[in-house]
Amino acid sequence: MPTPMAPLDFPLGPTAEAAPAFYRVTKEVHFCYGHRLLNYDGKCRNLHGHNGKAVITLETRGLDALGMVIDFGDVKRVIGRWIDENLDHRMLLHRDDPVLPELRRLGEPVVTMDVNPTAENIARLIYAQGQSHGLPIVEVTLWEAENSYATYRPAAGEGG
Ligand SMILES: [Zn+2]
């Protein structure tokens, strides 16, 4: 007679739940964008595009009743959608970029920024959107290429 398998049970237990802890979740959003940098002496001074990836990290102290920081679907619905509607397949340009009037005249979809549209500043832009939507966002990394990425995170205690 085979021995019955012992039931598997891995209780975290009240101690684990009560222990103060931070939990992080991360969501990736892929999108394409064009840009160029003003006053820059390098390849990125010419109009060109990237297959970008925003890596969005959210953090809470403890979990909600479902055992989550936030539903991944909610992150996608809020930030993923914002990126899709506002950044994907658009030209991100400094508002002083002399090519802007011409692109506008041609009806090209452009996004203007008051800073150079670097990976750092695009990461900050996405962070600000997440924060304005009330998400517990702590960090955004923007992958500009498969070997180059920039991360924005507000300094601790200074808010965002
Ligand atoms: Zn570039």
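Please refer to the structure higher up on the page.
Residues numbered from 1 in each chain as written. Predicted model: local features only at pLDDT ≥ 70, side-chain atom pairs only at ≥ 80, totals over all residues.

Looking only at helices and strands, the protein chain has 4 helices and 6 strands in total. Start at the N end of the protein chain and walk to the C end: the helices and strands fall as α-β-β-α-β-α-β-α-β-β. For the protein chain, the C-alpha radius of gyration of 21 Å lies well beyond 15 Å, the compact-globule estimate for 160 residues. Dimensions of the protein chain, computed from C-alpha atoms along their principal axes, come out at roughly 80 × 45 × 25 Å. Considering the protein chain as a whole, with its 160 residues, one finds that 24% of them fall into the buried category. Long-range contacts, defined here as pairs at least 24 residues apart, represent 59% of the contacts in the protein chain between residues at least 6 apart. (Helix = DSSP H or I, 4+ residues; strand = E, 2+ residues; numbered from the N terminus. Rg over C-alpha atoms; globule rule 2.2 N^0.38 Å. Buried ≥ 20, exposed ≤ 12 C-beta atoms within 10 Å, placed from the backbone. Contact = placed C-beta atoms within 7 Å.)

Over its 14 residues, helix H4 (residues 119-132) extends 20 Å from the first C-alpha to the last, a length consistent with the 20 Å expected when each residue adds 1.5 Å. Taken together, the buried positions of H4 are occupied by Ala 119, Asn 121, Ile 122, Ala 123, Arg 124, Leu 125, Ile 126, Tyr 127 and Gly 130. At its buried positions, H4 is contacted by strand E2 (48-61), helix H2 (72-86), strand E3 (90-94), strand E4 (110-113), strand E5 (137-145) and strand E6 (148-152). Where H4 ends, the next residue or the one after it, Gly 134, has phi of about 80°, a positive value. (Expected span 1.5 Å × (residues − 1).)

What follows deals with unusual backbone geometry. One non-glycine residue, Asn 39, lies in positive phi territory at about 55°. Tracing the backbone through its elements, the reader meets Asn 39 in the loop between strand E1 (22-35) and E2. Look at Asn 39 and you get exposed, because 8 C-beta atoms sit within 10 Å. Although it is not a glycine, His 89 adopts a positive phi angle of roughly 55°. Tracing the sequence through the fold places His 89 in the loop between H2 and E3.

Once that is clear, we can look at the environment of Asn 121. Here Asn 121 lies in helix H4. Once the C-alpha coordinates of Asn 121 and Thr 151 are considered, the two residues, 30 residues apart in sequence, prove to be 9.2 Å apart. Ignoring anything within four residues of it in the chain, the contact list for Asn 121 reads Met 113, Val 115 and Asn 116.

Moving on, we get to the pairing of E4. Pairing of E3 with E4 involves 4 bridges; the strand directions are parallel. The residue bridging His 94 from the neighbouring strand is Met 113, located in E4. (Pairing = 2+ DSSP bridges.)

As paired strands, E5 and E6 are joined by 5 bridges and run antiparallel to one another. Counterpart to Trp 143 in the pairing with E6 is Tyr 149. From the end of E5 to the start of E6, which pair antiparallel, there are 2 residues.

Across its 15 residues, H2 extends 20 Å between first and last C-alpha, which sits within 8% of the 21 Å expected from 1.5 Å per residue. Bending of H2 peaks at approximately 30° at the position of Gly 80. Buried within H2 are the following residues: Val 75, Val 78, Ile 79, Gly 80 and Ile 83. In this structure, the buried residues of H2 make contact with E1, E2 and H4. (Bend = angle between axes of the 7 residues up to and from the residue.)

Here the focus is the nonpolar core. Core analysis: the largest hydrophobic core is formed by 24 residues, its most contacted members being Ala 54, Ile 56, Ile 79, Ile 122, Ala 123, Ile 126 and Val 140. The set of elements that each furnish at least two residues to this core consists of E1, E2, H2, E3, H4 and E5. When residues in this core are grouped by element, the largest group, 6 residues, is from H4. Non-local contacts of Ile 79, meaning those with residues more than four positions away in its chain, are made with Val 29, Ile 56, Ile 126, Gln 129 and Gly 130. (Core = buried A, V, L, I, M, F, W, Y, C linked by C-beta atoms within 7 Å.)

Scope: geometric values only; no functional claims are made or implied.
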